[in-house]
Amino acid sequence: MIGAKGMLGRDLMTVLHAGLPNDEVVGWDIEEIDIQKEEETVTKIEILRPSIVVHLAAYTDVDGCELDEGRAFAVNAEGTKHVALAVSRCQAKMVYLSTDYVFDGNKREPYVESDSPHPLNVYGRSKLQGEQYVQTWAKEALIIRTQWLYGRYGKNFVTSILRQAREKRVLSIVNDQIGSPTYTADLAKVISVLIQLDARGIFHVANSDLCTWYVFGQTILKLSGMDKVKVIPISSKELGRPAVRPSYSVFNCQKLKRETGLALRPWSEALKDYLQMGQERQGEE
Ligand SMILES: NC(=O)c1ccc[n+]([C@@H]2O[C@H](COP(=O)([O-])OP(=O)(O)OC[C@H]3O[C@@H](n4cnc5c(N)ncnc54)[C@H](OP(=O)(O)O)[C@@H]3O)[C@@H](O)[C@H]2O)c1
């Protein structure tokens, strides 16, 4: 796995280790392999000769990507191409994680895998180019698009809201973007099943039910007993982030259900579990 020390990577390493002997799962991150370097990437992967390469590594700071397009494309697009080239040389199978931000959000009904992408921001464009490289070089790859991730490892929206709630009495949260917050522990289990089933092609995977960031934030505070903190709904324009986000980022996950029988639980249930396990604290490690 590449990107094994990221938020999703750590959960997925745990799930894969539970099902396979330890020496069959190798986790690399930036210290072991810099995917921006073509020769290093291809050589290291070729020497290992894996049967499956799960590629999660990415420059995931959406606003950072907007401000540094060169880095976004060097890591998310070209870096992915280097991994895909190595995969094709080893005749391995590739699993690539992509994003809802490949869509523009104008559809107003849940996006299916065959919908035409049209990213609004640099991060989305760079990840889409990554998808295209994977489809070109790593035949029969599995591409999993997901969204609004939070989890035990790594800073995320939940840890950010809880930190801000400890510091301020009033929070302003955007209320004009709709999506499905997705718990990395739930996603990791699905990725593992898709790998076991040798699934190929594109799959949309997210926890079910929808909300805005504002409703997500309110729910985090309520479930954490911090609902005395006032939350003000604002528009994306008022927040003024560098990267434009789609206003409607909703996946149709029926293909996953049809082909695997799996459906992720509602986001609010997953969030309860995450908060009950006191994982917010660990997320800030
Ligand atoms: N987070 C979300 O909401 C979300 C939504 C949709 C899709 N995804 C996709 O899901 C995957 C996992 O996301 P995540 O949130 O778990 O990401 P993450 O926590 O940012 O982890 C990504 C990992 O990749 C590493 N990395 C960065 N540049 C690298 C390079 N040049 N070579 C090797 N490794 C490099 C990062 O190291 P550093 O930390 O040192 O940079 C980090 O450990 C990504 O592909 C992402 O695009 C994420």
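Residues numbered from 1 in each chain as written. Predicted model: local features only at pLDDT ≥ 70, side-chain atom pairs only at ≥ 80, totals over all residues. Heavy atoms only, no water.

1. So, the pairing of strand E2 (residues 93-99)
So, step 1. With seven of seven residues buried, E2 is to be regarded as a mostly interior element.
So, step 2. Here E2 shows two buried faces, one formed by Lys93, Val95, Leu97 and Thr99 and the other by Met94, Tyr96 and Ser98.
So, step 3. Where the polypeptide runs from E2 across helix H5 (residues 122-137) and back to strand E3 (residues 142-146), its parallel neighbour, the crossover connection is right-handed. (Buried < 20%, exposed > 50% of the residue type's maximum accessible area, 1.4 Å probe, protein only. Helix = DSSP H or I, 4+ residues; strand = E, 2+ residues; numbered from the N terminus. Right-handed = clockwise from strand over helix to strand, strands pointing away.)

2. A few points about the site of the ligand
So, step 1. Close to the ligand lie 24 residues, the nearest being Leu8, Asp29, Thr60, Tyr123 and Lys127.
So, step 2. Interatomic distance of 2.8 Å between a side-chain N/O atom of Asp29 and an oxygen atom of the ligand.
So, step 3. A distance of 2.8 Å separates a nitrogen atom of the ligand from a polar side-chain atom of Asp34.
So, step 4. When the ligand sits alone it has 900 Å² of accessible area, and the protein chains cover 80% of it.
So, step 5. Among the elements of the structure, helix H1 (7-19), E2 and H5 are those that each provide at least two residues to the shell around the ligand.
So, step 6. Per-element accounting of the shell around the ligand gives the leading share, three residues, to E2.
So, step 7. For the shell around the ligand, the class distribution of residues is 13 nonpolar, seven polar and four charged. (Near = heavy atom within 4 Å. Polar contact = N/O pair within 3.5 Å; in protein donor to acceptor, adjacent residues only side chain to side chain. Areas by Shrake-Rupley, 256 points an atom, 1.4 Å probe, with all protein chains shown as cover. Nonpolar A, V, L, I, M, F, W, Y, C, P; charged D, E, K, R; others polar.)

3. Points about the pattern of salt bridges
So, step 1. According to the stated counting rule, one finds 14 salt bridges in the structure shown.
So, step 2. Among the salt bridges present, the one from Arg265 reaches Asp186, with a minimum N-O distance of 2.8 Å. Residue Arg265 is found in the loop between helix H10 (254-260) and helix H11 (267-276), and its partner Asp186 is found in helix H7 (residues 184-196); the two are separated by 79 residues along the sequence.
So, step 3. A residue is classified by how much of its surface remains accessible, and Arg265, at 24% relative accessible area, is partly exposed.
So, step 4. Close ionic contact of Asp273 with Arg265 constitutes a salt bridge, the shortest N to O distance being 2.6 Å. (Salt bridge = Lys/Arg side-chain N within 4 Å of Asp/Glu carboxyl O.)

4. Comments concerning the packing of aromatic side chains
So, step 1. Considering all chains together, one arrives at 11 aromatic pairs under this definition.
So, step 2. Each ring, one from Phe216 and one from Trp267, has its centre 5.6 Å from the other, and the planes form 80 degrees; the classification is edge-to-face. Of this pair, Phe216 sits in helix H8 (residues 213-223) while Trp267 sits in helix H11, placing them 51 residues apart in sequence. For the pair formed by Phe216 and Trp267, the shared burial category is buried.
So, step 3. Note that Arg71 overlies the ring of Tyr59, its terminal NZ or CZ placed 3.8 Å from the centroid.
So, step 4. Its guanidinium or amino end placed over the ring of Phe203, Lys255 lies 4.3 Å from that ring's centre, counting from NZ or CZ. (Phe/Tyr/Trp six-rings, centres within 6.5 Å; stacked < 30°, edge-to-face > 60°. Lys NZ or Arg CZ within 6 Å of the ring centre and 35° of its normal.)

5. Observations concerning helix H2 (residues 38-48)
So, step 1. Among the residues making up H2, those that are buried are Thr41, Val42 and Ile45. Seen end-on, H2 carries its buried residues on one side only, within an arc spanning 90 degrees. Turned more than 90 degrees off the buried face of H2, the exposed positions are Glu39 and Ile47.
So, step 2. Buried residues belonging to H2 abut strand E1 (52-55) and helix H4 (69-90).
So, step 3. Arg49 lies just past H2 and shows a positive phi near 50 degrees. (Arc of directions from axis to C-beta. Contact = heavy atoms within 4.5 Å.)

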